[in-house]
Amino acid sequence: MNRKVLYIILLFVVLFAGAGCSTTKRIPDGEVLYTGVKKMRIEPMIEGEKIPGYVMSAVKEPLSVAPNNPLFSPYVRSPFPFGLWVYNKFYTTREKGFKHWMYKKFAKEPILISKVQPDLRLKVVDDILANYGYFNATSHYELLYDKRNKKKARVSYWVNVPEPYTYSNISYPPVVCPVTAIIDSLKSTSLLKVGAQYNIDTLTLERNRITSVLRNKGYYFFQPEYIEYQADTTQQRLKVDLRMVLKQGIPPVALKIYSVGDIHVSLQNVVPGAPDTMRFARLNVAYQRPLKIRPKVLAGSIELEQGKLYTVEAQNKTQANLNKLGIFRYVNLNTTSPDSLKGADSLNVYIDGAFDMQLESEFEVDVSSKSNSFIGPGAIFSVSNKNLFKGGEIIGVHLNGAYEWQTGSRESESNSSLLNSYEFGLNISLTFPRLLAPKFIPRNKKYGARTTFLVGTDLMNRPKYFRMISFSGSAGYDFQTTPYSFHNLTVFKLVYNKLLNTSESFNQTMDENPAIALSFKDQFIPSMSYTYTFDRTFGGKQVNRLFWQNSVTSAGNILSGVMGIFGRKTPKTLFGSQFSQFVKNVSEIKFYHRVGSSNWIASRFLVGVGYAYSNSTVMPYSEQFYIGGANSIRAFTVRSLGPGSYHPAANNKNAYLDQTGNFKMEANIEFRFKIYGRLNGAVFLDAGNIWLLKNDPLRPGGELKWKGLFNEIALGTGCGLRYDISYLVLRLDLGIGLHTPYENPDKHGYYNISKFKDAMGLHLAIGYPF
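Right, let's walk through the structure included here. Residue numbering note: each chain is counted from 1, following its sequence as written. Residue-level local features of this predicted model are given only where pLDDT is at least 70; pairs of side-chain atoms are given and counted only at 80 or more, and the full residue set underlies all totals for whole chains, interfaces and linings. With hydrogens and water excluded, all non-hydrogen atoms of the structure serve as input to the side-chain values.

### Some points on the overall build of the protein
We count a stretch as a helix when DSSP gives it H or I for four or more residues in a row; a strand needs E for two or more, and each element gets its number in order from the N terminus. Scanning the protein from N- to C-terminus turns up 14 helices and 31 strands. In terms of principal-axis extent, the alpha carbons of the protein reach across some 90 × 80 × 60 Å. A burial count over the protein gives 42% of its 770 residues as buried. What makes two residues a contact is simply this: any of their non-hydrogen atoms within 4.5 Å. Sequence-distant contacts, at least 24 apart, represent 64% of the contacts inside the protein between residues at least 6 apart. By the counting scheme adopted, Arg and Lys are positive, Glu and Asp are negative, and His together with the chain ends is not counted. Charge coordinates come from a single atom per side chain, which is NZ of Lys, CZ of Arg, CG of Asp or CD of Glu. When the 90 basic and 60 acidic side-chain charges of the protein are each reduced to a single mean position, those positions are 2 Å apart. Accessible area is worked out with a 1.4 Å probe on protein chains only. A residue is then buried under 20% of its type maximum, exposed over 50%, and partly exposed in between.

The structure is reproduced here in structure tokens:
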């Protein structure tokens, strides 16, 4: 018997043997092992009444206690309760030996019904419903004992949700002072509306909103708890008469307006120097020589101004601006304490900052996994000056090297010379922590912005095929306009690619395929690009997460237009080499939906299109699309599909170079679930392909056409394991092909895979595929 098969059989024997062992042996008498939720019925008392989704989620949360070894929490458990089995089988009083090691490493303490406390959880549910206006809800639970083992039980919950209460009247404090006058002026924009459903979250938000307005009008010491609500539910059925009042005994300082007094700044160097002081732009600065920040930059970062109203917004912006410079280890901001005011109407500001190390070197060794299925070790050595011009400017020199090989199916082994590469690069970057742009362009000081200049060179080697060097330079901006909207504008980028050495085999391929040869020729790529990113994937409690990114690139168009004005005709050249001219757009959307407490459905849809014209007939090879691999259609290795239904001959060693296109469409969906501890699993489905926008006689079937498009979309499925070690995720995916976009003579129909073993792709990667 094959040794590999024997190991798999032994693994299953151990797992099934563990599944059959007792998991209640050490549970004390009178205790019951909690094995999850059987059913959860949350229904309205009035037929036809709808319960909002956010209320359903809030009610389910305290009831959805995960049992030991959950698979689909809280309803389904894994059939292999390894942690519980170790807890019962390997317990020992000894503090060394194999049993002690097994117990300490793998044992999981049983979750008992007495710890779950279903009755207490239903009381929490009643409180939650009351907070949303559903008063006097009824609920109960039932324990369903295992027929074969009475020490195991599941729980069923029933929650009956009554009709909600709504606001019949909302009254505000009478206007008796400036504070109540401001509150009265905010009634028109209130979050509380007559007829709306009672909701404690809305009450809290309204109280915080009013407090924020007051604190930004000089009432610095006002707090949300100084606003109280009185609710009367006795006047009308299902109605709440709401009154907003000010708390009794509010400290006098909370009802007084304060302005900004003296501003004192204290700066400390890493290596203490001679103390000195200066006054600049109404700032009293105590520092140590030499001063590590330009006075103008310091003053520009401080939003608080002497003599003006003291606002929390200006205070927060001041601290954020100083931190965003990236030159301080810490920045603390304090004001005059209430006990020290003694009737004063201004607050002195005390800013204490400690500079960070200016020079920084870093040596990083890692394993990278790229979208083209290449994986391998790499090293980066960087030296940075984080405060070059005493304004947070960073100049960095980065030397990088990497050796990579490609993961995928065995079909690619015949092209092993393509599957290994090494790269070396030297890049110099200069980053300013602000937008270097004309003053008429508006700035958003609320969020950070950067201007980056970059020059570099990279050497890439594909053994037995080619060695290429690339020189590049760029200038661009990164900025943010909302909490979720990010922008990258590259106003200028120039890349020059040059083939240094080529093999006879590579040259033969270029001679046979002029289109591919044009994409590899020595050329300049002058371009500009804009990328918009909408990112709502962060936040621990979000059920749904969304990410959308759209990138537009225009290459050679401005340069071609300028040369055209001066009479230059096509083909136009730059420094003696023809430059590329094309437009390209890539749009990618990702959506994540939480299932249960820790499982996710993740999906992605990507469309990309590029078009070369005028000064170019094809896009550069580096700008063309490819498909397949560890982060794409995992059943197929990278560049083994397309364009369209084109399929190179099996003995074509250079097929790797042919399978690119200028239109790409891809869709992926996968279910990610917990297995044990840090180990997670996934099942997935991938689909997509690449096409040509123009017919290429040497790649028949590659042109994009609506007729037959469905059959030209490759389809693959598979499963994978992911091990999360907090700072990175190790991933192993096995892709299984279901449909190829090209015909297979010995296999007809939609499932046209000739041999099952040849339709599998095994990928070791770093991070999630999307």
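### Here's the deal with the sheet that holds strand β12 (residues 328–335)
Reading across the sheet, the five strands line up as β10-β11-β9-β13-β12 and stay open at both edges, with mixed pairing between neighbours. Two strands lie at the open edges of the sheet, namely β10 (275–280) and β12, each paired on one side alone. The average undirected angle you get between the axes of adjacent strands in this sheet is 15°. As paired elements, β10 and strand β11 (residues 283–288) share six bridges and run antiparallel to each other. The partner of P275 across the bridge, within β11, is Q288. Strands pair, by our definition, only if DSSP identifies at least two bridges between them. Note on method: axes are straight lines fitted to C-alpha atoms, helices fitted across the in-contact stretch only, with angles between N-to-C directions ranging 0 to 180 degrees.

### Notes on the pattern of salt bridges
Pairing is possible between side chains that carry opposite charge, provided their charged atoms lie close to one another. A carboxyl oxygen of Asp or Glu within 4 Å of a side-chain nitrogen of Lys or Arg is what we treat as a salt bridge. Taken as a whole and assessed by the stated rule, the structure comprises 27 salt bridges. R237 is the partner of E163 in a salt bridge, and the nearest nitrogen-oxygen pair spans 3.1 Å. On the criterion of sequence distance, the pair formed by E163 in the loop between β5 (152–161) and β6 (166–171) and R237 in the loop between β7 (227–232) and β8 (239–246) is long-range, its members being 74 residues apart. Judged by its relative accessible area of 25%, E163 falls in the partly exposed class. Judged by relative accessible area, R237 falls into the exposed class, the value being 66%.

### Comments concerning the packing of helix α3 (residues 82–89) against helix α4 (residues 98–106)
At a closest axis distance of 9 Å, the pairing of α3 and α4 adopts a crossing angle of 140°. Crossing geometry of α3 relative to α4 is assigned as left-handed. Contacts from F82, G83, V86, Y87 and K89 of α3 reach α4 at K99, M102, Y103 and F106. Residues were grouped as follows: Ala, Val, Leu, Ile, Met, Phe, Trp, Tyr, Cys and Pro as nonpolar; Asp, Glu, Lys and Arg as charged; and all remaining residues, including Gly, as polar. Its residues placed into classes, the contact of α3 with α4 shows six nonpolar, one polar and two charged. If you view the pair so one helix is near and one far, a crossing is left-handed when the near helix is turned anticlockwise from the far one by less than a right angle, and right-handed when it is turned clockwise.

### Some details on the environment of Q197
Within the element layout of this structure, Q197 appears in the loop between α7 (178–185) and α8 (200–215). For the pair formed by Q197 and S168, sequence separation is 29 residues and the distance between their alpha carbons is 9.8 Å. Any N or O atom pair separated by 3.5 Å or less is treated as a polar contact, with the protein-specific requirement of one donor-capable and one acceptor-capable atom, and with residues adjacent in sequence counted only for side-chain atom pairs. Reaching out from Q197, the side chain makes a polar contact with the side chain of Y134 at a distance of 3.2 Å.

### A look at the nonpolar core
We define a nonpolar core as any set of buried Ala, Val, Leu, Ile, Met, Phe, Trp, Tyr and Cys residues linked to one another through side-chain atoms lying within 4.5 Å. Counting 53 residues, the largest nonpolar core has L267, I293, L298, L304, F328 and I351 as the members making the most contacts within it. Counting 25 residues, the second-largest nonpolar core is a separate cluster that includes A58, V59, V116 and Y157.

### Focus: the packing of aromatic side chains
We call Phe, Tyr and Trp rings a pair once their centres come within 6.5 Å, taking the six-membered ring for Trp, and we label the pair stacked below 30 degrees between planes, edge-to-face above 60, and tilted otherwise. Taken as a whole and judged by the stated rule, the model has 33 aromatic pairs. With a centroid separation of 6.1 Å and an interplanar angle of 75°, the aromatic rings of F90 and F98 are classed as edge-to-face. Classification of F90 as buried rests on a relative accessible area of 13%. Between F432 and F453 the ring centres are 6.2 Å apart and the planes differ by 90°, which places this aromatic pair in the edge-to-face class. Residue F432 is located in strand β17 (residues 420–432), and its partner F453 is located in strand β18 (residues 449–462); the two are separated by 21 residues in the primary sequence. In this structure F453 comes out as partly exposed when scored by relative accessible area, which is 35%. What links up through ring pairs into an aromatic cluster is the set F82, W85, F90, F98, W101 and F106. The ring of F684 has R634 lying over it, and the distance from NZ or CZ to the ring centre is 3.7 Å. Charges are assigned to positions over rings by a cutoff of 6 Å between ring centre and Lys NZ or Arg CZ, combined with an angular limit of 35 degrees from the ring normal. Over the ring of Y626 we find K664, and its NZ or CZ is 6.0 Å from the ring centre.

### Observations regarding unusual backbone geometry
With omega at -5°, the peptide bond leading from R289 into P290 counts as cis. Its location among the elements puts P290 in the loop between β11 and α9 (295–301). For the bond running from T570 to P571, omega is 0°, close enough to zero to count as cis. The phi angle at R639 is positive, at roughly 55°, despite the residue not being glycine.

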